[in-house]
Amino acid sequence: MDKMMDNRWFLRITALLLAFLLFFSVQAEDSNTGTTDTSRVSEVIEDVELEVYHDNSLMVSGVPKTADLHLSGPVSIVQTARQLEDFTLFVDLRNLPVGEHQVPIQTENLSEQLNIRVDPAFVNVVIEERVSQEFRIDPEVNERMLAEGFILENVTVKPETVTVTGPKSMIDAISFVKATVSGEQGVKESFTTAARVRVLAEDLTKLESAEIEPQEVEVDVDVVEYSKLVPVRLEPTGEARPGITINDWNTATEEVRIFGPKTVVDEITEYVIEVDAADVTAEDDTLEVELAIPSGTSGVSPGQVSVEAETVIDEDALLPEGSGASGN
């Protein structure tokens, strides 16, 4: 045995075997460690908000609000990115001129150990001049708010104009600037309310990218009952008193205004004023006549008119006051 230990070749072979054992032991350990650290996973983080870097003197359109981020890499790094979400997705337009461009969506603050893909990878953008222009507001009221028999007499807005800022193409597309009033039904009185301003294209689609100043305005709405002017016609009734001959009737009131539901009022073409001839006396040939409210309407204005009778008086035929018409 001692001779074997002293043998040079025996020692060399033993050392070589130990070296092989140590090498394969280290490789196995490294292999196990690598399996844990380098296991990979893929994740999709949806609807990540996009940042847009551009010159504030210009306007940009075409950039989506969000994009989807696809990550692939070591489990721990992917999980950290998802949990912290301290990365940024952005498009950088700061050095681009006015016009149309296709630009990549870039990422920031993501580990270099990750494979990264953004969907979409590129976006088509339009860079335009930033333009401001003043527009007159067109106020409008939903007339279905009004009670039956009531109409809009006048609608005014304060201020009368707004300043709209946006891309030149959008400013050129503006056809209407409206402040619309709506609310509960059954309105019978005038009112004042706030209304938001909307900027619309010719096809009445809302132009979302418009910056409006002020965004809200005050609208004064004058509500009145529906009415119509109609001519008057005098219609005598009864008989004149003895000694009084009535040749004609006259009134300074040529028209009266009738209030009420439109369907009823519009059917009325004249207003008949009945005057009783028996009310005319020798001392007074002017009658004050109360006007009746037509059926189905709510009122008439004026409520009273003066009617003058053109008379001829026969003093001999006049009966003494208080006497009957057939006295002897």
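Up top is the structure.
Small disclaimer: the values here were computed from a predicted structure and weren't measured. (Residues numbered from 1 in each chain as written. Predicted model: local features only at pLDDT ≥ 70, side-chain atom pairs only at ≥ 80, totals over all residues. Heavy atoms only, no water.)

Chemist: Would you take a moment to explain the nonpolar core for this structure?
Modeler: The nonpolar side chains of soluble globular proteins are, as a tendency, buried together. Core analysis: the biggest nonpolar cluster contains 29 residues, and Ile137, Val162, Val164, Ile174, Val217 and Val219 have the highest contact counts within it. Going through the elements one at a time, strand 8 (122–136), strand 10 (150–158), strand 11 (161–167), helix 4 (168–173), strand 12 (176–181), strand 13 (191–200) and strand 15 (216–225) are the ones with two or more residues in this core. Among all residues touching Ile137, those that are not within four sequence positions of it are Val157, Pro159, Glu160, Thr161, Val162, Val177, Lys178, Ala179, Val197 and Val217. (Core = buried A, V, L, I, M, F, W, Y, C linked by side-chain atoms within 4.5 Å. Buried < 20%, exposed > 50% of the residue type's maximum accessible area, 1.4 Å probe, protein only. Helix = DSSP H or I, 4+ residues; strand = E, 2+ residues; numbered from the N terminus. Contact = heavy atoms within 4.5 Å.)

Chemist: I'm lost on the pattern of salt bridges in this one. Help?
Modeler: Where charged atoms from two side chains of opposite charge come close, those side chains can pair. If you walk through the whole model with that rule in mind, you get 12 salt bridges. Notably, a salt bridge pairs Glu160 with Arg136, separated by 3.1 Å at the nearest N-O pair. Taken together, the residues span a long stretch of sequence, with Glu160 in the loop between strand 10 and strand 11 and Arg136 in strand 8 at a distance of 24 residues. Here the residues in one salt-bridge network are Asp138, Glu140, Lys178 and Arg198, joined through shared partners. (Salt bridge = Lys/Arg side-chain N within 4 Å of Asp/Glu carboxyl O.)

Chemist: Teacher, can you tell me more about helix 3 (residues 75–84) here?
Modeler: Buried within helix 3 we find Ile77, Val78 and Ala81. Along helix 3, the residues classed as buried sweep out an arc of 100 degrees about the axis, all on the same side. Exposed and oriented more than 90 degrees from the buried face of helix 3 are Gln83 and Leu84. Next to the buried residues of helix 3 lie strand 1 (40–53) and strand 3 (66–74). With its phi angle positive at about 45 degrees, Glu85 sits one or two positions after the end of helix 3. (Arc of directions from axis to C-beta.)

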